[in-house]
Structures are given as structure tokens and as C-alpha cells.
Amino acid sequence: MSSASVLMIGADPYVLRACERHNVEPVVLSNSAAYDSGRIRMPEGGTLIRVDDVTNVEDLLAALHREGLADRRFDAIQTTWEFSVVTAAVLGAALGCRAIEPATALHMRDKSLQKARLRAAGVPVARSVVVPDIYDVSNVPWEFERAVLKPVAGGGTTSTSVVNGPDDLKRISRERREARETSRTFLLEEFVPGDEWMAEGVVFDGEVLFFGLGAYTEPCLNAVTDQRPISLRRLDPTDEAEAYARVEPVVRDSIAALGLRNGVFHMELFHDPATGKVHFSECAARRGGAMTQEQVHAKFNVDLGEAALLCALGRQPKLDVKIHPQVVGCAGLYGPAGVIIDYPTPDELMQQPDVAYVQTYVPPGANLNTRFSASADMLGAVLLMTDTVKDFDERVQQIREWFSERLVVAEPNLTSGQRWEWQRRRSPDRIHRDWLFAGA
């Protein structure tokens with residue numbers, strides 16, 4: 001018999017693994033994409049329920065009623081899905097179980113509210129202006145030399161762009177209007193130059209028990225704008241102690257100001273190498289993407305999935321932080337636009353030097369887009385462990401080249417004849433024949 005039960009919005013494999021380890025019965029409300037993926041491994045006794053929209057309280061409540069679980073007394077609600085954080089808070093209040101407090105959840109999502117609260121608390125944060133409707137920017141004041149435009153409650157750099165002046169803002173407004181952008185409330189914030197860092201942490205009873213730093217090879221926005229592959233690594237608390245000393249007050253003051261009491265968090269920050277100053281960028285009440293779980297576990301011996309579950313249940317995680325001496329990071333794997341025919345298997349990738357773990361996200365037969373529009377748009381990713389930062393940077397390039405040489409993608413939008421020609425070039429021994437006898 002289970003010791004507790006948790007209602008999960010979205011299927012997180014590491015939280016589900018923690019449920020098995022801690023004898024917690026999970027009920028998972030899953031979106032259709034994850035449900036159809038065939039990759040959800042439910043613990044024995046767990047319940048998996050498909051819903052149309054995991055951000056819609058009506059959909060979630062209706063699904064529970066249909067399954068006969070409307071009167072179930074769950075011990076907690078947990079989600080790793082960014083867009084369901086406020087939904088989880090509201091659903092927890094409706095069901096009378098442990099969950100993040102709704103106002104806190106809102107401040108962990110709405111970037112305008114988040115930055116206003118931190119600015120009031122004295123945390124270094126970029127100036128910003130709310131754009132009530134991206135369709136009409138005629139009354140939006142321009143107060144910056146350069147700015148970044150982003151959805152007020154978005155995620156993963158989706159629909160984010162650099163704005164170089166009022167005329168540029170008007171152009172973007174026109175493009176979003178023509179594209180019928182559905183998210184119309186945006187935030188225009190001062191462009192902050194420098195390195196983009198991240199802090200993954202665990203907070204319990206309002207105290208930050210742990211945080212570990214990471215750094216992007218280059219800022220996510222630059223990578224998406226210029227279509228350059230994303231890679232990142234974890235910063236070492238000993239070798240890069242100065243970075244931790246600069247960031248720690250910002251992390252602790254930010255979490256205190258935002259009011260997050262229990263859970264894991266993903267915080268993004270900007271570091272100016274010239275001055276050493278650290279600016280807060282944004283913070284989410286869930287762990288980061290791009291193999292964050294695996295990197296943090298490998299580098300710091302901290303299981304963020306387990307910590308998320310225990311914090312949700314009101315149990316303090318017993319963290320045994322151990323710093324791995326090697327450089328730990330990950331590299332996204334990408335491909336050209338078209339239909340994926342074949343690519344190296346995870347086992348083949350694992351045989352490459354310094355590769356410690358592999359994830360693939362897009363199956364053969366799927367389409368790759370011409371451009372990736374968010375930081376999470378990857379074909380797959382590899383976890384790398386090297387002796388030096390120089391080795392890490394070199395290995396990222398080498399593994400991407402090795403992967404690209406073995407990736408087979410059919411060109412998009414070809415005529416039938418062009419597809420046959422593409423097939424002839426790829427497999428000359430499989431040429432289609434149009435006659436039976438020679439000379440007939």
C-alpha cells in the first residue's frame with residue numbers, strides 16, 4: 001500500500017521514478033503528445049489519464065470526474081510543465097491538497113510581475129515595459145537603446161526577439177499581427193549584454209538548500225536568432241568559486257522575494273564579464289530543460305526529480321551534494337529541414353568518446369523544421385563529461401560533426417521525380433525499373 005498519493009500534471013519520468021522509490025502512488029494527467037509517445041513508464045499501481053489541455057482546469061477536473069477520482073484526496077499536486085504551474089496551483093486550491101500558492105505561482109510565470117517584485121526588493125534586474133497588445137504598439141514608450149521582446153508568460157525563448165528601436169518594434173508588431181500571434185501580451189525589457197548563466201536549485205520551507213550554476217556557450221536568444229546550435233555546461237563550485245560568490249545573494253534574495261517556499265527552481269541570470277555584475281533575468285518553479293536533470297545529477301549528485309516530488313509532499317529532501325571533478329555539460333543535436341530517414345542510435349552515440357548519456361526526441365519519419373524557434377527544438381542531446389573546458393568545447397564540435405555525417409534527412413517539398421533522384425543518389429542499387437526486357 002502506498003504511503004502517499006500525488007496528482008501530476010504532465011508525465012515526468014524522474015518524478016515517476018521517485019514515486020517508485022518512495023512508495024508514492026501517482027495519478028498523471030498527460031497531454032496527448034506525451035500519451036501517444038509510448039515512452040511513459042508508469043509505476044505499478046499508478047494511473048495515466050489523457051487530457052486535451054493540461055493548462056486548462058476545466059479539462060483536468062472533467063478528466064478526474066470521468067475517471068471517478070473527483071473525490072480523491074491527493075496529498076499533493078506536482079508539475080514540471082512550465083505552462084501548468086498556475087494551473088496546478090488553482091487545481092490544488094480547488095481539490096484542497098498541497099500545492100504551490102496561486103499568487104506565488106503567478107509571480108513565477110508572469111515576467112512583468114516577477115521583475116516588478118524583484119526590483120522593489122532591490123535585486124538587480126533589467127528595466128522593462130509591458131506591451132498590452134503586440135498588435136498595437138503605438139502607445140508603448142521606448143526607453144532603451146536596445147531591448148528584448150518576449151511573451152509576458154512564455155518559455156524557452158519562443159517568440160522572443162531583439163528590438164533595435166521604435167521602428168523595429170513597429171515592424172515586429174506588424175509581423176506578429178500578420179502571423180495572427182495568439183499570445184498578444186508581451187514584455188519589452190532592456191537588453192543586458194554578457195554571459196547567460198543559470199541556477200538550478202532546491203528550496204524547502206523558504207530556505208535554499210542547494211543551487212548549482214551552469215552557463216550557455218552563448219546566450220539562448222543569440223543561438224535562436226542566428227540559428228546556432230545550443231550547448232551548455234555546469235560551473236564547478238571550486239574552480240569557479242567566484243561565480244558562485246557573485247550569484248548567491250541574487251539567487252537567495254530572488255527566491256525570498258518571489259515567495260517560493262517548497263520546490264525546485266530554474267533561474268536565468270546575466271553576467272557582465274567586464275564589471276562582474278550579475279543581473280536577474282527570470283525564474284521558473286520547475287527544473288530547466290536541455291538535460292538539466294541529468295547534468296545536475298552527474299555534476300552535483302542532486303536528483304531534482306526526487307527533490308521536486310518530496311518538496312511537493314512537504315518532505316525535506318536529504319541532499320548529499322558531491323561535486324564531480326570533470327566538466328559536465330550537454331550539446332543539442334540538430335539537422336537540416338526535411339523528413340528524418342535515419343540517424344545514429346543512442347547506443348552508437350554512447351560509444352563516442354566522453355559521451356555519458358543520450359536522449360533522442362524526434363523519431364525517424366518525423367519532419368524537421370527549416371528553423372528551430374525555441375531553445376528546446378532539438379533532434380536529441382548528449383551528456384558529455386570531459387577533463388577540461390577546452391576538451392568539452394572540442395568534443396561538442398566533434399560529436400556534432402560525427403552525428404551530421406550519419407544523419408539522413410530527405411529534402412523537403414520535392415516533386416516525385418526529385419524524390420526518386422534523391423533516392424538514386426543515396427542508394428544506386430535500388431533504382432526503379434520501367435521495363436522488363438532490354439531493347440523492348
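As shown above, the structure is provided for reference.
Let me begin by describing the structure that accompanies this report.

What counts as what
Residues numbered from 1 in each chain as written. Predicted model: local features only at pLDDT ≥ 70, side-chain atom pairs only at ≥ 80, totals over all residues. Heavy atoms only, no water. Helix = DSSP H or I, 4+ residues; strand = E, 2+ residues; numbered from the N terminus. Rg over C-alpha atoms; globule rule 2.2 N^0.38 Å. Buried < 20%, exposed > 50% of the residue type's maximum accessible area, 1.4 Å probe, protein only. Contact = heavy atoms within 4.5 Å. Areas by Shrake-Rupley, 256 points an atom, 1.4 Å probe, with all protein chains shown as cover. Axes fitted to C-alpha atoms, helices over the stretch in contact; angles between N-to-C directions. Parallel < 35°, antiparallel > 145°, perpendicular 65-115°, else oblique. Left-handed = near helix turned anticlockwise from the far one by under 90°. Nonpolar A, V, L, I, M, F, W, Y, C, P; charged D, E, K, R; others polar. Phe/Tyr/Trp six-rings, centres within 6.5 Å; stacked < 30°, edge-to-face > 60°. Lys NZ or Arg CZ within 6 Å of the ring centre and 35° of its normal. Core = buried A, V, L, I, M, F, W, Y, C linked by side-chain atoms within 4.5 Å. Pairing = 2+ DSSP bridges. Right-handed = clockwise from strand over helix to strand, strands pointing away. Arc of directions from axis to C-beta. Polar contact = N/O pair within 3.5 Å; in protein donor to acceptor, adjacent residues only side chain to side chain. Salt bridge = Lys/Arg side-chain N within 4 Å of Asp/Glu carboxyl O.

## A short note on the overall build of the protein
In terms of helices and strands, the protein carries 14 helices and 19 strands. The C-alpha atoms of the protein give 24 Å as radius of gyration, which agrees with the globular expectation for 440 residues (22 Å, within 12%). C-alpha atoms of the protein, sized along the principal axes, occupy 85 × 60 × 50 Å. Classification of the 440 residues of the protein by burial places 49% in the buried group. The contacts of the protein with a sequence gap of at least 6 include a subset with a gap of at least 24, amounting to 65%. Working note: accessible area of the protein is about 21200 Å², and carbon and sulfur atoms make up 48% of it.

## Topic: the packing of helix α3 (residues 57-66) against helix α4 (residues 85-95)
Here α3 crosses α4 at 45 degrees, and the two axes come no closer than 10 Å. Relative to α4, the element α3 is oriented oblique. Judged by the twist between their axes, the crossing of α3 over α4 is right-handed. Across the interface between the two elements, V57, L60, L61 and L64 of α3 pack against T87, V90, L91 and L95 of α4. Along the lines of polarity and charge, the residues of the contact of α3 with α4 split into seven nonpolar, one polar and no charged.

## Let's talk about the packing of aromatic side chains
What describes a pair of aromatic rings is the distance from one ring centre to the other and the angle between the planes of the rings. Going through the model one piece at a time under the given rule, you end up with five aromatic pairs. Each ring, one from W142 and one from F144, has its centre 5.9 Å from the other, and the planes form 85 degrees; the classification is edge-to-face. Judged by its relative accessible area of 25%, W142 is partly exposed. For F144, a relative accessible area of 5% translates into the label buried. Above the ring of F191, the side-chain terminus of R146 is found at 4.5 Å from the ring centroid. The side chain of R184 reaches across the aromatic face of Y135, ending 3.7 Å from its centre.

## Section: the nonpolar core
The biggest cluster of nonpolar side chains holds 42 residues, and the ones touching the most others in it are F211, F265 and M267. Contributions of two or more residues to this core are made by α4, β9 (195-204), β10 (207-216), α9 (241-258), β12 (263-271), β13 (278-284), α10 (292-300) and α11 (304-313). No other element matches α9, which puts eight residues into this core. Beyond its immediate stretch of four places on either side in the chain, M267 contacts W197, M198, A199, V251, S254, I255, F280, E282 and C283.

## Overview of the pairing of strand β1 (residues 4-9)
The buried fraction of β1 amounts to six of the six residues, a majority that puts the element mostly inside the structure. Both faces of β1 are covered, namely the face carrying A4, V6 and M8 and the face carrying S5, L7 and I9. Pairing geometry for β1 and strand β2 (residues 24-30), over six bridges, is parallel. Within the sheet, the bridge partner assigned to V6 lies in β2 and is P26. Each parallel crossover has a hand, and the one from β1 via helix α1 (residues 13-21) to β2 is right-handed. Relative to strand β4 (residues 76-79), β1 runs parallel, the two being bridged by four bridges. Note that in β4 the partner of L7 across the bridge is I77.

## Description of the sheet that holds strand β19 (residues 408-410)
An order of β17-β15-β19 is seen for the three strands of this open sheet, with the pairing classed as antiparallel. Edge positions in the sheet fall to β17 (367-368) and β19, since each of these pairs with one other strand and no more. Inspection of the sheet shows strand β15 (residues 338-342) paired to β17 by two bridges, in the antiparallel sense. By the bridge assignment, V339 is partnered in β17 with N367. Taken strand by strand, helix α14 (residues 416-426) contacts β15 and β19, and its axis lies near 160 degrees from that of β19.

## Here's the deal with α3
Every buried residue of α3 is accounted for by L60, A63 and L64. Within α3, the buried residues cover an arc of 100 degrees as seen down the axis, which keeps them to one side. Those residues of α3 that are exposed and angled more than 90 degrees off the buried face are E58, H65 and R66. Of the surrounding secondary structure, the elements contacted by the buried residues of α3 are β1, β2, β3 (47-50) and α4. Between a side-chain oxygen at the N-terminus of α3 and the backbone nitrogen of E58 the separation is 2.8 Å; the capping residue is N56. Phi for G68, located one or two positions after α3, is positive at around 75 degrees.

## Observations regarding unusual backbone geometry
Even without glycine at this site, D205 takes up a positive phi of about 55 degrees. Here the phi dihedral of M291 falls at roughly 60 degrees; this positive angle occurs in a residue that is not glycine. One can find M291 in the loop between β13 and α10. Classification of M291 by relative accessible area gives buried; the value is 3%.

## Concerning the pattern of salt bridges
In total, this model carries 27 salt bridges according to the counting rule given. The partner of R406 in a salt bridge is E405, with the nearest N and O atoms 3.3 Å apart. Given a relative accessible area of 38%, R406 falls into the partly exposed group. We classify E405 as exposed; its relative accessible area is 64%. Sharing partners across several salt bridges, the network here consists of K111, K115, K150, E189 and E282.

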